[in-house]
Each structure stands twice: as structure tokens, then as C-alpha cells.
Amino acid sequence: MYLTAQDYIKMSMRELGVIAHGESLTDEELQDNLQTLNIMLSSWAAEEIVHQAIVKESFTLSYASATYTIGQDQTFNTVKPISIKIAKITDSNSYDYPIYLKDVFYFESITNKTLKGRPKILYYDPGITQPNGEIGKIYLYPQRDITYTLTIHSQKPFTEFTGLTAQFDFPQYMERAIKFNLAAELASGYGKSISPKLEKLAEDSLNVLHRVNIKNNDIIFDFNYRGKGNTYNIKTG
């Protein structure tokens, strides 16, 4: 399920009893809590908790081309995806059409790559063999004939929430860890104590993250990550 930083902040606030369902926080509170959330995630990165996310993003196809670069300061200006999982095209009437993901062999077998029409095929080159590994390339066929919106669901390394409304899809164990540990991080700022129940939920969910190593789209459970019998304590680290 796609959730935003704002969703996690509100869930954590409800866990603490600061707000009820349907209530909201001020813009200043949301920004302050976003900063706390990203500081927490940075500390997890320092603990070598590796995690990735499925990110939903949309880009305008404003000119006809078979190739679009994706990465920082590229045609599609965003963090370069590891892989693309789902894609669709939306026209000016808000009609959606599926895009079929194909490999390099299929794309290279297309003889006339300059054909124009509604794009139906996408091949993604993550750029591993390119001189600049931070640039990926999206190949579309046919080349667009009118302006469309391309929406992709891609897997990316996750380090921080870039804003309150960016959408991310995490495994459920990651969602639990963010929710309960953010609640523990924010408790003192709202004059709340960490209850024994919240402390256990935060510790248990973070222990799961320490045991999960996500590499190249595969989820590997490594129960010896911190040594047998060791657990993580949110108070002592």
C-alpha cells in the first residue's frame, strides 16, 4: 500500500494519542516531524539496515523520442530506479493504457523504432555498464504521437522522505517499524511517555529490520545479522 511521510506522521501521532482519526497537524508540526523522521532513517542507515521502496512517479512525455534519461538532473529528474515494476500511459482525456515491460532483446528486435503512436512497450536500462552509473534510460515504443503522462512504479534505494506527499510502498514490516519507532522518537516533544507496549512494538519491529537484508529485488532473512539471541533496544541502541 502506498503511504506518504504525512501518513506515517499521523499514524504515529494517533499511536501516541496526540490526535484522533480525522484530526490534523499544523504545517509547522508536519515539517518538524518530517525532519525527525528523516533523522531516524539516517540513524538506521548508519546501522546498515538496508531497505528499498517501490515508488510511484509520473512524468510528462512532451516530445517525441524513443529514449528518455532518468536520474538526478536528467529528463526525468529523480533518483535512478533499480528496476521498473509497472508502467502505464495516460492521455489528455485521463484514459489509462498499460505499458508492457520488455527486455533488451525484445526491444532490439524492433526494426522501425521511429514509428509514432501511443507507447505500448517499455524497456529500462538501469545503466550499470554506462560510464555514469547514476543515469538510467527508458526506451519507449512507439514514440509518442501526442503528449502523454507516463506513470511508473519503480524500485529504488530508500534513504529519506523527500517531502510530505511523495508516495512509497514498503513491506508491512517496514511500515510497522516506521510507525512505532517514529512514535517513540516524537513522544517527548509532545509530553508523552513511551508506554511498555509501544516500547516493545518499536523494539520488535526494528529487530525485524535488522534481520532483513534486501538486495537486488530479493528479500533475504538473515537471522544472524546481530548474532544469535541479540535484540535491539530503542533506549540503548
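What you see is a predicted model; the values in this text were computed from it and never measured. (Residues numbered from 1 in each chain as written. Predicted model: local features only at pLDDT ≥ 70, side-chain atom pairs only at ≥ 80, totals over all residues. Heavy atoms only, no water.)

Turning to the sheet that holds strand 6 (residues 96-98), a few remarks are in order. Here we have 6 strands laid out as an open sheet, ordered 1-13-2-12-5-6, and antiparallel in their pairing. A strand with exactly one partner marks an edge of an open sheet, and here the two such strands are strand 1 (2-3) and strand 6. With 3 bridges joining them, strand 5 (residues 83-90) and strand 6 adopt antiparallel strand pairing. Looking at strand 6, one finds that Lys88 is bridged to Pro98. (Pairing = 2+ DSSP bridges. Helix = DSSP H or I, 4+ residues; strand = E, 2+ residues; numbered from the N terminus.)

Turning to its location among the elements, Ser12 is positioned in helix 1 (residues 5-16). For Ser12 and Leu182, which are 170 residues apart along the polypeptide, the C-alpha to C-alpha distance reads 6.2 Å. Residues in contact with Ser12, not counting those within four places in the same chain, are Ile178, Lys179, Leu182 and Ala183. (Contact = heavy atoms within 4.5 Å.)

Turning our eyes to something else, we now look at the pairing of strand 5. Of the strand pairs in this sheet, strand 5 and strand 12 (residues 148-157) are connected by 7 bridges, and their pairing is antiparallel. Residue pairing in the sheet places Ser83 in a bridge with Gln155 of strand 12. In this antiparallel pair of consecutive strands, strand 5 and strand 6, the connection spans 5 residues, and Ser94 shows a positive phi of 70 degrees.

Taken as a whole, the largest pocket encloses approximately 280 Å³ of empty space. Taken together, 15 residues line the largest pocket, and the ones lying closest to its centre are Val79, Lys156, Glu160, Thr162 and Phe168. For the lining of the largest pocket, the secondary-structure elements that each account for two or more residues are strand 2 (52-61) and strand 12. Counting residues per element, the lining of the largest pocket draws most heavily on strand 2, at 4 residues. (1 Å grid on protein atoms, 1.4 Å probe; cavity = no way out; pocket = protein on both sides within 12 Å on 5 of 7 lines; lining within 4 Å. Points joined across faces, edges and corners; volume = space filled by probe spheres on them.)

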